[in-house]
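Chains, contacts and geometry: an overview
Residues per chain are reported as follows:
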There are 2 protein chains.
Amino acid sequence: MGAASMVTSRDVARLAGVSQATVSRVLRGSGKVAPPTRAKVQAALGVTGYRPHAVARAMRTRRTGTIGVVVERVTNPFYPELLDALGVELERRGLRMILWDSARGPGERAAVDAIEQRLVDGIVFTTATAESSALRKAVERSSPVVLVNRVVEGLDCDQVESENEATSEAIARYFAKGGHRRVGLVSGPRAASTAQRRSLGFTRGVKEAGLRLAVEHIADGGFSHAGGHGALRRILATGRRAPTAVFCVNDLSALGALDAARALDVSVPDDLWVVGYDDIDTASWEAYQLTTACQPVPEMVHAAVDLLIERIESPARPGVHQRFPSDVIVRRSTAHVPF
Amino acid sequence: MGAASMVTSRDVARLAGVSQATVSRVLRGSGKVAPPTRAKVQAALGVTGYRPHAVARAMRTRRTGTIGVVVERVTNPFYPELLDALGVELERRGLRMILWDSARGPGERAAVDAIEQRLVDGIVFTTATAESSALRKAVERSSPVVLVNRVVEGLDCDQVESENEATSEAIARYFAKGGHRRVGLVSGPRAASTAQRRSLGFTRGVKEAGLRLAVEHIADGGFSHAGGHGALRRILATGRRAPTAVFCVNDLSALGALDAARALDVSVPDDLWVVGYDDIDTASWEAYQLTTACQPVPEMVHAAVDLLIERIESPARPGVHQRFPSDVIVRRSTAHVPF
């Protein structure tokens, strides 16, 4: 590469008239260097353009200053928003971010290996599932990991999520408050704790509020636009008297459901209420105006990074579970009934 | 960390009955090891669970196997789709991806430093602008970089883009073919080559086709939904006879324009045609059905990674410029006129 990378710390030491050990101390920010000496070394660093190799530095300090993040599909808009918040949070702390896609190839495995190989200091899992053997292995080895958004029951590690169950239960009560009797549910992937807990909370709320949720009115929306589209079509085609309000366990499937309603000429909210979960950007756009639960992503991410940094320092402390409340934002996909 | 990381290559060598140098040769995949010896070493590696530290390996080979990617706003859906394609392409070649956000803090600077610090072998810039001093410095130093999507005039480095000008020119001709006389333009950020070239191509096509584009009918949509929304409102509020067809230089602003039309009760495509650029997922959804130009992202990314790998091997060869044609996909935001 350029000429600058040919300079060594020996050249810096010679120019400053100090030992190489002193140059190292200045580079490490050690307090044991007298201010005039420090100034000479800094001048020499400026003149030579010497930069210690981060790789070599990582070898000595055994820290990389890099945090790995595992996501599943960057193209579900919730994850870019989560990544954006994670980027802000890590940068604020002077940490770099490295990204793995768990949907493709050996994403989780590669991330966990990266801790052992000292490419990263710890990992944030955003899409962990109970089936993840790589994650289990990392936890067994006390590797520093934190789960945010998704949780895995019975795993002793730090986990941060929103109040998925309580919020979804409240959405069922909201349907009852709006005068609905027959409701539907667009569920999500079995392996995703978010989908499971939201479905669970909603069905519990349905029971408590005395609403009707026929099994034919539950369909898997696969967390995707196409999936939500298909799920609503199946729900409305069952022959049974159709539900007048449908809860979708994420926004992407709720937007698909709204588009299916549009295609079928079902009027929202007059003939059908639709509620989602996540409050992605598109939920607020004119064409959709989706009523949805908003997770406090910046707060969740802040807590997760705090926990991960603590964990890197003290690998042995027991796992902590944190839950954050979600707010439901009422828009035009439900009628003028306050939540 | 775990017990496995306490094992050294000396233990592996002892167990296999070979020298440490032979273990290194096997780990490097060198051909100079006899198959039976290789088998013994591999068995010993399996038994001991020894993993060479990637950091230490990077020190020796001076390669990290990691490529840095600079993006601006992960929350513009075009970039997650581009990143997804980049992830596929890099993984196919056994490379890792590390991500920087150039919109926030020292993203580009940090990326360029990372090459020097040997944290990455090279950088893919997806949102480069002519103002990027970090990028210029990297090119001056012959650091391995490639630009994809955006280009910077007069910079001697590898650059890959789509035929932004020619495609946008063809969109103007398409408006003429559809019988339009007065057209509008929702432009984008001055610093983005994509916005500039698409605006330039469109205005050239407008002139050649004898259409009218009044200056009051050009408004900056800032590449965002809110920006496109505001831009269309300004264009339609000018008092002049309104345009009947508007080209938006990216999809996000075109979706905003469609939502503004919806809010103003302007019927699309009867009273107004809208065309975007990028073909993000949402463009095909029921609510929008946006006619738009589709860049061949997988091909562009493939070419960019090829160029970057070549560049890492031969830092001195002159910069190469590659352009890929875009297809226009006709949907319901324009009438039934084939492109």
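Here is a short report on the structure shown in this document.

1. Some words on the packing of aromatic side chains
All names here are of chain B. For the structure shown, the criterion picks out 15 aromatic pairs over all chains. Arranged with centres 5.3 Å apart and planes meeting at 45°, the rings of Tyr-174 and Trp-273 form a pair that is tilted. You can see Tyr-174 sitting in helix H8 (residues 164–177) and its partner Trp-273 sitting in strand E9 (residues 273–277), a full 99 residues away along the chain. A relative accessible area of 3% means that Trp-273 is categorised as buried. Between Phe-175 and Phe-202 the ring centres are 5.9 Å apart and the planes differ by 80°, which places this aromatic pair in the edge-to-face class. On the criterion of sequence distance, the pair formed by Phe-175 in helix H8 and Phe-202 in helix H9 (residues 193–208) is long-range, its members being 27 residues apart. Accessibility expressed as a relative area gives 0% for Phe-175, which makes it buried.

2. Observations concerning helix H8 (residues 164–177) of chain A
All names here are of chain A. Across its 14 residues, H8 extends 20 Å between first and last C-alpha, which sits within 8% of the 20 Å expected from 1.5 Å per residue. The set of residues buried in H8 consists of Asn-164, Thr-167, Ser-168, Glu-169, Ala-170, Ile-171, Ala-172, Tyr-174 and Phe-175. Trailing H8 by a residue or two, Gly-179 shows a phi angle of about 90°, which is positive.

3. Remarks on the sheet that holds strand E10 (residues 291–294) of chain B
All names here are of chain B. Spatially, the six strands line up as an open sheet ordered E7-E6-E8-E9-E10-E12, and their pairing is mixed. The outermost strands of the open sheet, each flanked by one partner alone, are strand E7 (218–220) and strand E12 (327–329). Going from strand to strand, the sheet's axes swing by 20° on average, the running direction of each strand aside. In this sheet, E10 lies alongside E9 in parallel orientation, the contact comprising three bridges. Opposite Gly-276, over in E10, you have Thr-292 as the bridge partner. Each of strand E6 (183–187), E7 and strand E8 (245–248) touches helix H10 (residues 225–236); the most contacted strand, E7, lies at about 155° to it. Helix H11 (residues 251–263) contacts E6, E8, E9 and E10 of the sheet and is inclined by roughly 160° relative to E9.

4. Some points on the side chain of A:His180
Residue and element names in this part refer to chain A. Here His-180 shows up in the loop between H8 and strand E6 (183–187). Polar side-chain contacts of His-180 include one of 3.5 Å to the side chain of Trp-273. Residue contacts for His-180: discarding those within four places in its chain leaves Phe-175, Leu-211, Thr-244, Ala-245 and Trp-273.

5. Some points on the state of the cysteines
Each disulfide is one covalent bond, formed between the sulfur atoms of two cysteines. Here the structure, examined in full by the defined rule, presents zero disulfides over all chains. Between A:Cys248, a free cysteine, and A:Cys294, which holds the nearest cysteine sulfur, the sulfur-to-sulfur gap is 17 Å.

6. Structural notes on the pairing of strand E4 (residues 145–148) of chain B
Residues and elements named next belong to chain B. The two faces of E4 match: Val-145 and Leu-147 on one face and Val-146 and Val-148 on the other face are all buried. Bridge count between strand E3 (residues 122–125) and E4: three bridges; the pairing is parallel. Its bridge partner lying in E4, Phe-125 is registered against Leu-147. You can see the chain leave E3, run along helix H7 (residues 133–140) and come back into E4, and the turn it takes is right-handed. Summarising the sheet, E4 and strand E5 (residues 158–162) pair through three bridges and their orientation is parallel. Pairing of Val-148 across the sheet is with Val-160, part of E5.

7. Examining the pattern of salt bridges
A full pass over the atoms with the stated rule returns 34 salt bridges over all chains. Note that B:Glu89 is salt-bridged to B:Arg92, the shortest N-O span being 2.9 Å. Placement of both B:Glu89 and B:Arg92 in helix H5 (residues 78–92) is noted, with a separation of three residues, approximately one turn of the helix. Through salt bridges with shared partners, a single network forms among A:Glu89, A:Arg92, A:Arg93 and A:Asp306.

Cut-offs applied
- Residues numbered from 1 in each chain as written.
- Chains lettered and ligands numbered in written order.
- Predicted model: local features only at pLDDT ≥ 70, side-chain atom pairs only at ≥ 80, totals over all residues.
- Heavy atoms only, no water.
- Phe/Tyr/Trp six-rings, centres within 6.5 Å; stacked < 30°, edge-to-face > 60°.
- Helix = DSSP H or I, 4+ residues; strand = E, 2+ residues; numbered from the N terminus.
- Buried < 20%, exposed > 50% of the residue type's maximum accessible area, 1.4 Å probe, protein only.
- Expected span 1.5 Å × (residues − 1).
- Pairing = 2+ DSSP bridges.
- Axes fitted to C-alpha atoms, helices over the stretch in contact; angles between N-to-C directions.
- Contact = heavy atoms within 4.5 Å.
- Polar contact = N/O pair within 3.5 Å; in protein donor to acceptor, adjacent residues only side chain to side chain.
- Disulfide = S-S within 2.5 Å.
- Right-handed = clockwise from strand over helix to strand, strands pointing away.
- Salt bridge = Lys/Arg side-chain N within 4 Å of Asp/Glu carboxyl O.

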